[in-house]
Amino acid sequence: MDKNLPASSGVLAYADSKPEFRKKLMDTYYALPYDVQARAGMFSPQFYEDLKRLKAKGLPNTEIGKQLGISCKTVKISLGRI
């Protein structure tokens with residue numbers, strides 16, 4: 001509850017009002033490893049591109065998960081979203 005450190009809702013409100021800050025924030029978030037993005041429940045567009053590319057190669061979900069550093073279950077759920 002440090003008054004010098006805004007709550008996440010404050011950061012998101014600020015990001016909505018400042019497009020340049022929002023872009024930097026999202027670029028920073030999207031640079032995180034896929035396992036961290038999976039824990040947060042929000043994947044980058046690059047993740048979905050990598051997922052499609054590996055699936056197009058005919059790899060099974062377990063191998064895709066191993067290459068991307070995420071679980072097989074996460075791969076299956078993510079493929080259902082695209």
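Before reading further, recall that the structure is shown in the block above.
Q: So what exactly am I meant to see when it comes to the environment of Asp27 here?
A: Looking at the element boundaries, Asp27 is found in helix α2 (residues 19-30). Look at Asp27 and you get partly exposed, because its relative accessible area is 40%. Taking C-alpha positions, Asp27 is 9.2 Å from Ser44, a pair spaced 17 residues apart along the chain.

Q: How do you make sense of the nonpolar core when you look at a structure like this?
A: In a soluble, globular protein the nonpolar side chains are often hidden away together inside. The biggest cluster of nonpolar side chains holds eleven residues, and these are Tyr34, Phe43, Phe47, Tyr48, Leu51, Leu54, Ile64, Leu68, Ile70, Val75 and Leu79. Sorting the residues of this core by element identifies α4 (45-56), α5 (61-68) and α6 (72-81) as the ones contributing at least two each. Here the element with the most residues in this core is α4; it accounts for four residues. Once residues lying within four places of it in the same chain are set aside, the contact partners of Ile64 are Leu51, Leu54, Lys55, Leu59 and Val75.

Q: I would appreciate a short explanation of the pattern of salt bridges in the present structure.
A: A side chain of one charge can pair with a side chain of the opposite charge if their charged atoms are brought near each other. Taken as a whole and assessed by the stated rule, the structure comprises four salt bridges. Of the charged contacts in the structure, one is a salt bridge between Arg53 and Asp50, with a shortest N-O distance of 3.5 Å. With Arg53 and Asp50 both in helix α4 and three residues apart, this pair spans about one turn of that helix. Owing to a relative accessible area of 13%, Asp50 belongs among the buried residues under this scheme.

Q: Explanation requested: the environment of Val11 in the structure shown.
A: Inspection of the secondary structure puts Val11 in helix α1 (residues 8-17). Classification of Val11 as partly exposed rests on a relative accessible area of 27%. Placed 14 residues apart in sequence, Val11 and Leu25 show a C-alpha to C-alpha distance of 9.6 Å.

Q: It is not clear to me how the packing of aromatic side chains should be interpreted in this structure. Could you clarify?
A: One pass over the structure, following the stated rule, counts six aromatic pairs. For the ring pair Tyr34 and Phe47, a centre distance of 5.1 Å and an interplane angle of 70° mean the geometry is edge-to-face. Placement of Tyr34 in helix α3 (residues 34-40) and of Phe47 in helix α4 is noted, with a sequence separation of 13 residues between them. Judged by relative accessible area, which is 15%, Tyr34 ranks as buried. Site record: aromatic cluster; members linked through ring pairs are Tyr34, Phe43, Phe47 and Tyr48.

Conventions adopted
Residues numbered from 1 in each chain as written. Predicted model: local features only at pLDDT ≥ 70, side-chain atom pairs only at ≥ 80, totals over all residues. Heavy atoms only, no water. Helix = DSSP H or I, 4+ residues; strand = E, 2+ residues; numbered from the N terminus. Buried < 20%, exposed > 50% of the residue type's maximum accessible area, 1.4 Å probe, protein only. Core = buried A, V, L, I, M, F, W, Y, C linked by side-chain atoms within 4.5 Å. Contact = heavy atoms within 4.5 Å. Salt bridge = Lys/Arg side-chain N within 4 Å of Asp/Glu carboxyl O. Phe/Tyr/Trp six-rings, centres within 6.5 Å; stacked < 30°, edge-to-face > 60°.

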